[in-house]
Amino acid sequence: MQLLNNFRKKSKKWEHSHLNLKLVLFSFFILPVVSCPLWGQPVQKKQLTESDYHLWGELRPDKVAPDGTWASYRMVHEKGIDTLFVTNTTTKRTYSFPSANNSLFAGNNYFVCRDTKGLHILNLTTGKQEVHPPVSQCDYSSKTKQLIFLTKAEKVLKMINLQ
């Protein structure tokens, strides 16, 4: 009788482990095969209409800092406001200047551009920005590390040390 009880216990154990094995096989082999077609289904894309075209723009490269850590580029729209961007090539930190143009890197630490509000000088290390009155011309001397510009209203030549 005890032999029969031992056999029944082993038989139940075997059935239980056999059931676990079937469950494991089902989980690892059958489920992925069944769900695989679902992974391949494309996400429905929005249908674009002609009324969406004004949202499109063209990305154009602008300038690169001497050490390559910063780059500027612009998003140009057929209608609307173009935007100038400056991005750190490592950290991806980005600054934007709507309607700006005539940009330049003054060494590795400053970015300069103009818009209708004036001359923007961005310290790329601190993120601090200065805005000077509108200028008609602007240039940077890498030898003296000075930004030289001619103000529009006063017609005065000014120099700023950028060290």
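Reading guide: rules and limits
Residues numbered from 1 in each chain as written. Predicted model: local features only at pLDDT ≥ 70, side-chain atom pairs only at ≥ 80, totals over all residues. Heavy atoms only, no water. Buried < 20%, exposed > 50% of the residue type's maximum accessible area, 1.4 Å probe, protein only. Helix = DSSP H or I, 4+ residues; strand = E, 2+ residues; numbered from the N terminus. Pairing = 2+ DSSP bridges. Contact = heavy atoms within 4.5 Å. Axes fitted to C-alpha atoms, helices over the stretch in contact; angles between N-to-C directions. Patch = residues over 30% accessible without salt bridge, like charges linked within 9 Å, V, L, I, M, F, W, Y side chains within 5 Å. Areas by Shrake-Rupley, 256 points an atom, 1.4 Å probe, with all protein chains shown as cover. Salt bridge = Lys/Arg side-chain N within 4 Å of Asp/Glu carboxyl O. Phe/Tyr/Trp six-rings, centres within 6.5 Å; stacked < 30°, edge-to-face > 60°.

1. Brief notes about the pairing of strand β3 (residues 83-88)
- With 5 of 6 residues buried, β3 lies mostly within the body of the structure.
- Here strand β2 (residues 70-76) pairs with β3 via 6 bridges, running antiparallel. Each residue of the ladder has a partner; that of Met75, found in β3, is Thr83.
- The turn linking β2 back onto β3 is made up of 6 residues, and Gly80 within it adopts a positive phi angle of 115°.
- Here β3 runs beside strand β4 (residues 94-98); their pairing, made up of 5 bridges, is antiparallel.

2. What about the environment of Met159?
- Here Met159 shows up in strand β11 (residues 157-161).
- Residue classification places Met159 among the exposed positions, given a relative accessible area of 55%.
- Considered as a pair, Met159 and Lys145 are 14 residues apart in the sequence and their alpha carbons are 10.0 Å apart.
- Each residue touching Met159, except ones within four places of it in the same chain, is listed here: Gln146, Leu147 and Ile148.

3. A few points about the sheet that holds β3
- Spatial strand order, β1-β2-β3-β4: 4 strands in an open sheet with antiparallel pairing. Since the sheet does not close on itself, it has two edges, and those belong to β1 (58-64) and β4, each with one partner. Between one strand axis and the next, the sheet turns by 25° as a mean value, whatever way the strands run.

4. Considering a nonpolar patch on the surface
- A surface patch of nonpolar side chains, amounting to about 470 Å² of accessible area, comprises Leu48, Tyr53, Leu55 and Trp56.
- For Leu48, the position within the fold is in the loop between α1 (2-39) and β1.

5. A look at the packing of aromatic side chains
- The tally for this structure, following the rule as stated, stands at 4 aromatic pairs.
- Where Phe97 meets Phe111, the ring centres are 5.9 Å apart and the plane angle is 35°; that geometry is what we call tilted. On the criterion of sequence distance, the pair formed by Phe97 in strand β4 and Phe111 in strand β6 (residues 110-115) is long-range, its members being 14 residues apart.
- Using a relative accessible area of 4% as the deciding quantity, one classes Phe97 as buried.
- Given the relative accessible area of 0%, Phe111 is considered buried.
- One aromatic cluster is present, formed by Phe97, Phe105 and Phe111 through successive ring pairs.

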